[in-house]
Every structure is written in C-alpha cells, then in structure tokens.
Amino acid sequence: DNLSVHFALKRKGMFGAKSVLKAVDDVSFSVGRGETLAIVGESGSGKTTAALAVAQLVNAAGGSVKLDGEDVLGVQGDALRAMRERVQFIFQDPYSSLNPRRRAEDLVREPLDSLTDKTKAEKQQIVDELFAAVGLRKEQQRLFPHQFSGGQRQRIGIARALATRPEVIICDEPVSALDVAVQAQILNLLRRLQTEFGLTFLFISHDLGVVQHVSDRIAVMYMGRVVELADRLSLFNSPRHPYTKALLSAVPAVSRKDRAARQRILIPGDPPDPVNLPAGCRFASRCPHVMPICKEQEPMMQNVGTDHLTACHLTEQEEAAV
Ligand code: SF4
C-alpha cells in the first residue's frame, strides 16, 4: 500500500538541492493466495524496484507491505528471517545470479542453511525432492553452474527459491534471458509448481506476450506509477489507458482475425526526466489523446469496471459523456 522507493542521486537539482529519483511513487496493489499478479512496464517503469522493495532487498521510503495483513516492511532480525522463509525471489539472469564456484546442490541448499535449523539429512532430502520437482537429475547435483544450459540454470534458481517452502515467489523477468522454446518450458514448469506447492506469484515482466500465459491479474507501471490494474481478460480485451493500449498493440496476435484487428500503436517521443517529472500526467508528452487537463492535474486511479482501475483523465471524460 502506497509503496515508495526513492534514490538520492549525486547530480544536483535546481538551486543546488539534492536530486531524488522516485523510482516507485505511491504504488498500491494486492495479490491473493494462489494467484499470479504480473507487473508490466518498460525498463525504468519501477516494476523491478517495487518487487525488490516487497522482498526487502531495497529500502522503501514509505508505504507498507502486508503479508496476511501484517506489515513486514522494515522488519529485522528473526522477523526478517521468518519473512524471507515465506517470500523468495527468482532472478532474471540465471547466468549471473548463481555463484559459479558452488555446486548445484550447495546453491539449492544455501537458503536452508541460512534460514532454517534443519538437519543435514533433512536438507539433503529437500534438495533431492527439489531437483526432481524442477526436472533435474540427482547426478547433476554435483555439477557447477557452467555445466548446465541456460534453462537448466534457471531450474536451479527455481529449486533454490522453493527450498524454504515459501508461500510467495517474486519472479523478476524469469524467462527474458532464455530462448523462446526454453521460455515456454520454464513458464509451464512455474505453472505446474504453483499448483503443486500452492504458490503465490508476483511476476515482473516487460513482455505482455509472456504475461498473458501466466497471470491472473496485471498491473501496468509507467514512470514509477501503476497506471492500470485489471484481471487479465479485461486488460487484454478492453484496455483503458493509452499506454496499456500501445503496449498491447506490440503483442504478436495468434489468430488471423486478431492480427487484422490489432493495429500497432507507436509511442512517440521520450519519457520525461524521472528526476524532474512534469506536473499532471507523466505520459502526457507521449500520449496521442493528451488534453489541457492532463498537463495540470495528475490523474488518480479510478474504477472503470469490475476490479478494473486506471489513472487517465480520458476515461473520466468518457464516463461523463455516457
Ligand atoms: Fe493521455 Fe491525458 Fe490519459 Fe495521460 S491522462 S494518458 S495524457 S489522456
């Protein structure tokens, strides 16, 4: 709720004041047990920073992160350890997120060593089960990361994230470093494991094409803000924010009918300077529907359908015209 992450920059702003980058600016979303919420946006939208803040891997400047109703933002010591057992992370790049000098079995066992009091035998049993669950063979446990393919390395990353039997897994672009054929295998694996282990996913991606296969609900972020939040079907069938419409127009259509109906919308111009954000809507400099009010007043999130929220003055005007 109202999560913000600010970074102080070396560059000075007006009148020599310290510049602050509001990477995540007053963002709210929720994810239900067993559900997948995807957070989508271009690079620089704040999606990964928001996820890192939820996992307490960067410090938040404000807001709260509630797990089963209990605020876990800023907890320390044993409470942080307990939180980490429940919330784990799968990183984007399996090439750099695994220590190349450690064997696969050690990498998967590491969270059990640091977060639990399990015996050696118990840990080995969990490692054996997880290797089987992610489709790796027992004899591969002694190998080092460079002896695996990219997809297999991501399977090690997934097994490692599952080691403490977490309830929530934050998947940060888990397939974007992989070939398309391998992407499908990993997405299918994640879906199967979600059911098997009763997992809740926060799925970060720049690619709506990937997200459409895994998400229940989708939050679209632009310049540190959530601009649209809806269930997958509503977002794909009736997007309301001009930025979401442009993102969707770039998703390859599967059927000929969809291909004919879908026209590519190009987003002109560049995003504003994130350190000196303009008044009003942050998308105004690139929006084909910009109106005078857009440059004066920042649009707030409002309901435009059942559990469908968007932050755009255009929708207010559309509603008023009905
Ligand atoms: Fe475009 Fe205005 Fe909506 Fe912003 S508020 S997306 S500028 S129509």
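Reading the values: rules and limits
Residues numbered from 1 in each chain as written. Predicted model: local features only at pLDDT ≥ 70, side-chain atom pairs only at ≥ 80, totals over all residues. UniProt positions renumbered as here; feature names shortened; annotations may be inferred. Helix = DSSP H or I, 4+ residues; strand = E, 2+ residues; numbered from the N terminus. Expected span 1.5 Å × (residues − 1). Buried ≥ 20, exposed ≤ 12 C-beta atoms within 10 Å, placed from the backbone. Near = placed C-beta within 6 Å. Nonpolar A, V, L, I, M, F, W, Y, C, P; charged D, E, K, R; others polar. Pairing = 2+ DSSP bridges. Axes fitted to C-alpha atoms, helices over the stretch in contact; angles between N-to-C directions. Parallel < 35°, antiparallel > 145°, perpendicular 65-115°, else oblique. Left-handed = near helix turned anticlockwise from the far one by under 90°. Contact = placed C-beta atoms within 7 Å. Core = buried A, V, L, I, M, F, W, Y, C linked by C-beta atoms within 7 Å.

- The protein appears in an unreviewed UniProt entry as ATP-binding cassette domain-containing protein from Falsiruegeria litorea.
- Per UniProt, the comment on the protein under Subcellular location (unreviewed entry) is "Cell inner membrane".
- Of the protein, the UniProt comment under Sequence similarities (unreviewed entry) reads exactly: "Belongs to the ABC transporter superfamily."

## A look at helix H5 (residues 150–162)
Moving on, step 1. Relative to the 18 Å expected for 13 residues at 1.5 Å per residue, H5 spans 19 Å between its end C-alpha atoms, a close match to the ideal helical length.
Moving on, step 2. Within H5, 10 of the 13 residues are buried, which leaves it mostly tucked inside the rest of the structure.
Moving on, step 3. Regarding H5, the residues found buried are Arg153, Gln154, Arg155, Ile156, Gly157, Ile158, Ala159, Arg160, Ala161 and Leu162.

## Remarks on the site of the ligand
Moving on, step 1. Inspection of the region around the ligand gives 14 residues, with Cys281, Cys287, Cys294, Cys312 and Leu314 positioned closest.
Moving on, step 2. The class makeup of the residues in the shell around the ligand is 11 nonpolar, 3 polar and no charged.

## Quick word on the pairing of strand E7 (residues 168–172)
Successive residues of a regular strand alternate their side chains across the two faces of the sheet.
Moving on, step 1. Counted residue by residue, E7 has 4 buried out of 5 residues, so it is predominantly covered.
Moving on, step 2. Pairing of strand E6 (residues 87–90) with E7, which is carried by 4 bridges, proceeds in the parallel orientation. Residue Gln88 lies in a different strand from E7, and its bridge partner there is Ile169.
Moving on, step 3. Examined bridge by bridge, E7 and strand E8 (residues 200–205) share 5 bridges and lie parallel to one another. Note on E8: the bridge partner recorded for Val168 is Thr200.

## Thoughts on the packing of helix H3 (residues 104–115) against helix H4 (residues 120–133)
Moving on, step 1. Contact pair H3 / H4: the axes reach a minimum separation of 10 Å and the direction vectors enclose 125 degrees. In terms of axis orientation, H3 runs oblique to H4. When the axes of H3 and H4 are compared, the crossing they make is right-handed. Seen from H3, the contacting residues are Glu105, Val108, Arg109 and Leu112; seen from H4, they are Lys123, Ile126, Val127 and Leu130.
Moving on, step 2. In terms of residue class, the contact of H3 with H4 is built from 5 nonpolar, no polar and 3 charged.

## Re the pairing of strand E9 (residues 217–222)
Moving on, step 1. With respect to burial, E9 is a largely interior element, 6 of its 6 residues being buried.
Moving on, step 2. Side chains Arg217, Ala219 and Met221 of E9 all project onto a buried face; the interleaved residues Ile218, Val220 and Tyr222 project onto the opposite face, where all are buried too.
Moving on, step 3. Here strand E3 (residues 36–40) runs beside E9; their pairing, made up of 4 bridges, is parallel. Following the sheet pairing, Ala38 is matched in E9 by Ile218.
Moving on, step 4. Sheet topology places E9 next to strand E10 (residues 225–231); 6 bridges connect them, and they run antiparallel. Bridge pairing links Arg217 to Asp231 in E10.
Moving on, step 5. Linking E9 to E10, which pair antiparallel, is a turn of 2 residues; within it Met223 sits at a positive phi near 45 degrees.

## Observations concerning the nonpolar core
Note on soluble globular proteins: their nonpolar side chains tend to be buried together.
Moving on, step 1. In terms of nonpolar packing, the biggest core is built from 76 residues, with Ile39, Leu130, Ala159, Leu202 and Val220 touching the most fellow members.
Moving on, step 2. Non-local contacts of Leu130, meaning those with residues more than four positions away in its chain, are made with Val108, Ala159, Leu162 and Ala163.

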